[in-house]
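So you can see what is in the structure, the chains are spelled out below.
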Amino acid sequence: MTLQPFLHTTPNDVLSDTVEQCVVIPFPDGMFKQFRLVLPTSIDALLDHPATYEAFAKDEYMPYWAELWPSALMLGRAIAQQAWPKGMQALEVGCGLGLAGLVALSLDMDVIFSDYDVAALEFAAKNARLNGFEQFCTLPLDWRCPPVDFQVPLLLAADVIYEARNIEPLIQLMGKVLAPGGECWLSDPDRPHKQEFQIALTSYGFEFEAMPMILERSDKPAVQGTIYRISSVELP
């Protein structure tokens, strides 16, 4: 039996109340860039919506996309410090508000935002335009159902292994979607499944570098996490 993709759209009636945040990302040579993000004012309203209860009953869906998580900041900071080929195509998986994709756009990459909540894609697109970007794509994507005949040299993913059930589908997505020689840059705040994720990467034949990172912010506690630089392999 073929697995059917699960896609959801958070209703507009719970997304009208928004707030804007400014995020500052350091770049090489002491430069800083500011990114503006529009996001729902409170994730609680989304959690309490009947559509969320219905989606959770179908697929254990939760509207995690609506919050700016520390891992997104970690990933944005990590890719900002690297030199990337101009026009490199990057797919952000589980993009949420799209911060990593925004940083990639500022580095002249060709970005595809993907998420399984269409509302998240609408917010990512809104944030891209808010920061002056017009050339990008959005893709509704359940990572358990990789697109056919589609490969990119770079995958970006922030805080996507928050549940153990995500690990194997994500690794299989990497094997299908990463082009030969491609990389996945994945950030994680050292959640409990960290060791399980690393073992699974090795068992699938991936090579990876785990780079510790501490996210320090003046107004919030420091968060310790890991940036994974994962090299592609060809899965059967």
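The text that follows walks through the structure, step by step, so that each part is easy to find. (Residues numbered from 1 in each chain as written. Predicted model: local features only at pLDDT ≥ 70, side-chain atom pairs only at ≥ 80, totals over all residues. Heavy atoms only, no water.)

### Quick notes on helix α7 (residues 194-203)
Reasoning step 1: By the burial criterion, the buried members of α7 are Phe197, Ala200 and Leu201. Buried residues along α7 cover an arc of 100° about the axis, so they all sit on one side. Residues of α7 that are exposed and point over 90 degrees away from its buried face: Gln195, Ile199, Thr202 and Ser203.
Reasoning step 2: Of the surrounding secondary structure, the elements contacted by the buried residues of α7 are α6 (167-177), β7 (178-188), β8 (207-217) and β9 (220-231).
Reasoning step 3: Glycine 205 sits one or two positions beyond α7 and adopts a positive phi of about 90°. (Buried < 20%, exposed > 50% of the residue type's maximum accessible area, 1.4 Å probe, protein only. Helix = DSSP H or I, 4+ residues; strand = E, 2+ residues; numbered from the N terminus. Arc of directions from axis to C-beta. Contact = heavy atoms within 4.5 Å.)

### Thoughts on the pattern of salt bridges
Reasoning step 1: In total, this model carries nine salt bridges according to the counting rule given.
Reasoning step 2: Between lysine 58 and glutamate 54 there is a salt bridge, and its shortest N-O distance comes to 3.4 Å. Linking lysine 58 with glutamate 54, this pair stays in helix α2 (residues 50-59), spanning four residues, or about one helical turn.
Reasoning step 3: Between glutamate 183 and arginine 229 there is a salt bridge, with the nearest N and O atoms lying 3.0 Å from each other. With glutamate 183 in strand β7 and arginine 229 in strand β9, the pair connects residues that are 46 residues apart, well separated along the chain.
Reasoning step 4: The buried category is assigned to glutamate 183, whose relative accessible area is 16%.
Reasoning step 5: On the basis of relative accessibility, which here comes to 31%, the residue arginine 229 falls in the partly exposed class.
Reasoning step 6: Via salt bridges that share partners, Asp59, Asp142 and Arg144 belong to a single interconnected network. (Salt bridge = Lys/Arg side-chain N within 4 Å of Asp/Glu carboxyl O.)

### Structural notes on empty space enclosed by the protein
Reasoning step 1: Taken as a whole and judged by the stated rule, the model has one cavity of 30 Å³ or more.
Reasoning step 2: There is about 30 Å³ of room inside the largest cavity.
Reasoning step 3: Forming the boundary of the largest cavity are Val93, Leu155, Ala157, Val160, Leu170, Leu173, Met174, Cys184 and Leu186.
Reasoning step 4: Looking at the lining of the largest cavity, the elements with two or more residues in it are β6 (152-158), α6 and β7.
Reasoning step 5: For the lining of the largest cavity, the per-class residue count stands at nine nonpolar, no polar and no charged. (1 Å grid on protein atoms, 1.4 Å probe; cavity = no way out; pocket = protein on both sides within 12 Å on 5 of 7 lines; lining within 4 Å. Points joined across faces, edges and corners; volume = space filled by probe spheres on them. Nonpolar A, V, L, I, M, F, W, Y, C, P; charged D, E, K, R; others polar.)

### Quick look at the packing of aromatic side chains
Reasoning step 1: Scanning all chains against the criterion turns up nine aromatic pairs.
Reasoning step 2: Both rings, one in tyrosine 61 and one in tyrosine 116, keep their centres 5.6 Å apart while their planes meet at 50°; by these two values the pair is tilted. Taken together, the positions of tyrosine 61 in the loop between α2 and α3 (70-80) and tyrosine 116 in the loop between β4 (110-115) and α5 (118-130) put the pair 55 residues apart, joining distant regions of the chain.
Reasoning step 3: The class of tyrosine 116 is buried, set by a relative accessible area of 18%.
Reasoning step 4: Centre to centre, the rings of tryptophan 65 and phenylalanine 123 are 5.4 Å apart; their planes meet at 55°, and the pair counts as tilted. Separated by 58 residues along the polypeptide, tryptophan 65 in the loop between α2 and α3 and phenylalanine 123 in helix α5 bring together distant segments of the chain. Neither residue differs from the other here; tryptophan 65 and phenylalanine 123 are each classed as buried. (Phe/Tyr/Trp six-rings, centres within 6.5 Å; stacked < 30°, edge-to-face > 60°.)

### Some words on the layout of surface pockets
Reasoning step 1: Of the volumes computed, that of the largest pocket is approximately 670 Å³.
Reasoning step 2: Surrounding the largest pocket, 36 residues form its lining, Tyr64, Gly94, Trp143, Asp159 and Tyr162 being those nearest its centre.
Reasoning step 3: Counting residues per element, the ones that place at least two in the lining of the largest pocket are α3, β3 (89-93), α4 (99-106) and β4.
Reasoning step 4: The residue makeup of the lining of the largest pocket, split by class, is 19 nonpolar, six polar and eleven charged.
Reasoning step 5: Computed from the structure, the second largest pocket encloses a volume of approximately 320 Å³.
Reasoning step 6: Forming the boundary of the second largest pocket are Gln21, Cys22, Val23, Val24, Leu68, Pro70, Leu73, Arg77, Arg217, Ser218, Asp219 and Lys220.
Reasoning step 7: Elements that contribute at least two residues to the lining of the second largest pocket include exactly β1 (18-27) and α3.
Reasoning step 8: Counted by class, the lining of the second largest pocket contains six nonpolar, two polar and four charged residues.

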